[in-house]
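One letter stands for each residue in the lines below.
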Amino acid sequence: MIKVAKFGGSSVASAEQFRKVKSIIQADPDRRFVVVSAAGKRFSDDNKITDLLLLANAHIQYHVDSQPLLSQIEQRFVEVAKSLDLKYPVAEKFEEFSSVVTSLSPEYIVSRGEFFTGQLMAEYLGLPFVDASDTIVFHHDGTVDFERTAIRVKEAAQRNPRGFVLPGFYGCTVDGTVKLFQRGGGDITGAVLARCLEANVYENWTDVPGFLSADPHIVDMPRAIHRITFDEMRELSYMGATVLQEDSIFPVREANIPIQIKDTNSPDRKGTTIRETAEEREVEHLITGIAGRKDFTAVHIQKTHMSDKVGVVRSALSVFERYGVSIEHLPTGVDSFGIVVNSADVKDKIYPIITDLRREVAPDDITVTDKLALISIVGRNLRRRPGSSGLIFGVLGKAGINIRLITQSSQEISIIVGVDNDDFERAIRVMYDGFAAHEKV
Ligand code: ASP
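Cut-offs applied
- Residues numbered from 1 in each chain as written.
- Predicted model: local features only at pLDDT ≥ 70, side-chain atom pairs only at ≥ 80, totals over all residues.
- Heavy atoms only, no water.
- Pairing = 2+ DSSP bridges.
- Helix = DSSP H or I, 4+ residues; strand = E, 2+ residues; numbered from the N terminus.
- Contact = heavy atoms within 4.5 Å.
- Axes fitted to C-alpha atoms, helices over the stretch in contact; angles between N-to-C directions.
- Core = buried A, V, L, I, M, F, W, Y, C linked by side-chain atoms within 4.5 Å.
- Buried < 20%, exposed > 50% of the residue type's maximum accessible area, 1.4 Å probe, protein only.
- Parallel < 35°, antiparallel > 145°, perpendicular 65-115°, else oblique.
- Left-handed = near helix turned anticlockwise from the far one by under 90°.
- Nonpolar A, V, L, I, M, F, W, Y, C, P; charged D, E, K, R; others polar.
- Near = heavy atom within 4 Å.
- Polar contact = N/O pair within 3.5 Å; in protein donor to acceptor, adjacent residues only side chain to side chain.
- Areas by Shrake-Rupley, 256 points an atom, 1.4 Å probe, with all protein chains shown as cover.

A.B. asks: Explain the sheet that holds strand β6 (residues 178-180) here, please?
C.D. replies: The strands that make up a sheet pair up through hydrogen bonds in the backbone, lying either parallel or antiparallel. Read from one edge of the open sheet, three strands run β3-β5-β6, paired in mixed fashion. The open sheet has two free edges, formed respectively by β3 (137-138) and β6, since each of these has just one partner strand. Bridge analysis of β3 against strand β5 (residues 170-173) gives two bridges, and the strand direction is parallel. Of the residues in β5, the one forming a bridge with Val137 is Cys172. Helix α5 (residues 106-125) contacts β5 and β6 of the sheet and is inclined by roughly 75° relative to β6.

Printed below as a string of structure tokens:
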């Protein structure tokens, strides 16, 4: 059995967190391949090493002395090394790096957060350090070269059959230029490693106990989600419930490797398992979760006898395409349809878009509604159970919340309702309570 265990920034933020990581690794001999982020925040107004390195880059760019900032970063590493009695000469190595920092690329500088965290973790766990620069290969366009990466990962695993520590977030092109993933990209490194090793599971250790069925700032003590499918997770993450870096899903999903989200601070908690299909024997909740976002704009287009004409919707969509605006939803009626977009995407373009729509679609009427919130009620079981939409209409009606639009995803794993921004939190609460009460019956 092979488990890839990836630890996020807060899980490696201090010597105390390093100790937790060690006991997690020691608790299971299958956890041999470890990926680390750069040390993150130790407390809420602390700084992440990656943010400090980005700031150091900005200093360099504007010719401000970056050395005080770099010493602050060095101190964080020295503290960990000292408390854990590590031999790795982190101060010396870090100073070598800072003495030439102005000649280094921004990507290289930022990658040192994971590099030094990885060096310390490797020694502390008694595992070899494998540099991501030699292992994770990027194409020049910033995407992963899976073919080369898989070869290098397999070679590294053969050389180090007991396992290794790999720093996340960066890699190299074939000509040796350091490249980074997007922020939070240590999750992607973990997923790439899991895929190349054909791991049985990709464990993602973080500081939350997995996915919750609603935002705890809105709903009091929402139920934890123990199992979720990739599709459901995409829907929930897209609507705001993010735990994982989105792009980290694809490498493991394609290889059918489940992801397990676990909490470094309470490793005994079950966490959330994300897999392609849900198992039959699990407890069937009607909904998996509710998530939403505010600030959408809906453009409603009314055109009599539109249903008899071909190409009306296409001509409207091509206007949005021309302005580079991505469409979120497209609720349609017989003689009308709506185009729902992110308000931020049309902020400076809405008037020219309307002018073009008038000219090219020749509608009877166009209205624009903004300050809309979209809420997605997600659940693989929705398609099997009648009455879900009824429940939504019922609880929202009873609470006096006006539904501005409703659509269902084509695979029927989610129902999306649009309400006014001002009703957003209340709508989530009443729907959550409505479904929760339904389950107790
Ligand atoms: N250290 C990087 C960041 O803060 C990557 C990661 O933590 O996954 O974004």
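Alright, that's what it looks like, and here's the rest.
A.B. asks: What is the right way to read the nonpolar core from this model?
C.D. replies: In a soluble, globular protein the nonpolar side chains are often hidden away together inside. Core analysis: the biggest nonpolar cluster contains 94 residues, and Val4, Phe7, Leu120, Leu193 and Ile274 have the highest contact counts within it. Among the elements that take part in this core, α5 stands out by supplying nine residues, more than any other. With near-sequence residues (within four places) excluded, Phe7 lies in contact with Val12, Val21, Ile24, Ile25, Val34, Val35, Val36, Ser37, Trp205 and Thr264. Core analysis: the second largest hydrophobic core is formed by 23 residues, Ala373, Leu396, Val419 and Phe435 among them.

A.B. asks: Which parts of the structure should I look at to understand the packing of helix α2 (residues 49-61) against α5?
C.D. replies: The geometry of a pair of packed helices is captured by two quantities: the angle between their axes and the separation between those axes. Where α2 meets α5, the axes come as close as 8 Å, and the angle between the chain directions of the two elements is 155°. Here α2 is positioned roughly antiparallel relative to α5, judged by the angle of their axes. The handedness of the crossing between α2 and α5 is right-handed. Contacts between α2 and α5 involve Ile49, Thr50, Leu53, Leu54, Asn57 and Ile60 from the first element and Pro106, Ile109, Val110, Arg112, Gly113 and Glu114 from the second. Of the residues assigned to the contact of α2 with α5, the class counts are seven nonpolar, three polar and two charged.

A.B. asks: Would you mind going over the pairing of strand β16 (residues 414-420) with me for this structure?
C.D. replies: A regular strand carries its side chains on alternate faces of the sheet. In terms of residue burial, β16 counts as a mostly covered element, since six of its seven residues are buried. Bridge count for strand β14 (residues 365-378) against β16 is seven bridges, and the pairing is antiparallel. Note on β16: the bridge partner recorded for Ala373 is Val419. Here four bridges tie strand β15 (residues 405-408) to β16, and the two strands are oriented antiparallel to one another. Residue Gln408 lies in a different strand from β16, and its bridge partner there is Ile415. In sequence, β15 turns back onto β16 through a hairpin of five residues, with Glu412 there showing a positive phi of about 60°.

A.B. asks: Help me understand the site of the ligand in this model?
C.D. replies: Taken together, the residues surrounding the ligand are Ser37, Thr50, Glu114, Phe169, Arg183, Gly184, Gly185 and Gly186. The separation between an oxygen atom of the ligand and a polar main-chain atom of Gly186 is 2.8 Å. When the ligand is considered free in solution it has 260 Å² of accessible area, and contact with the protein chains removes 92% of it. The residue makeup of the shell around the ligand, split by class, is one nonpolar, five polar and two charged.

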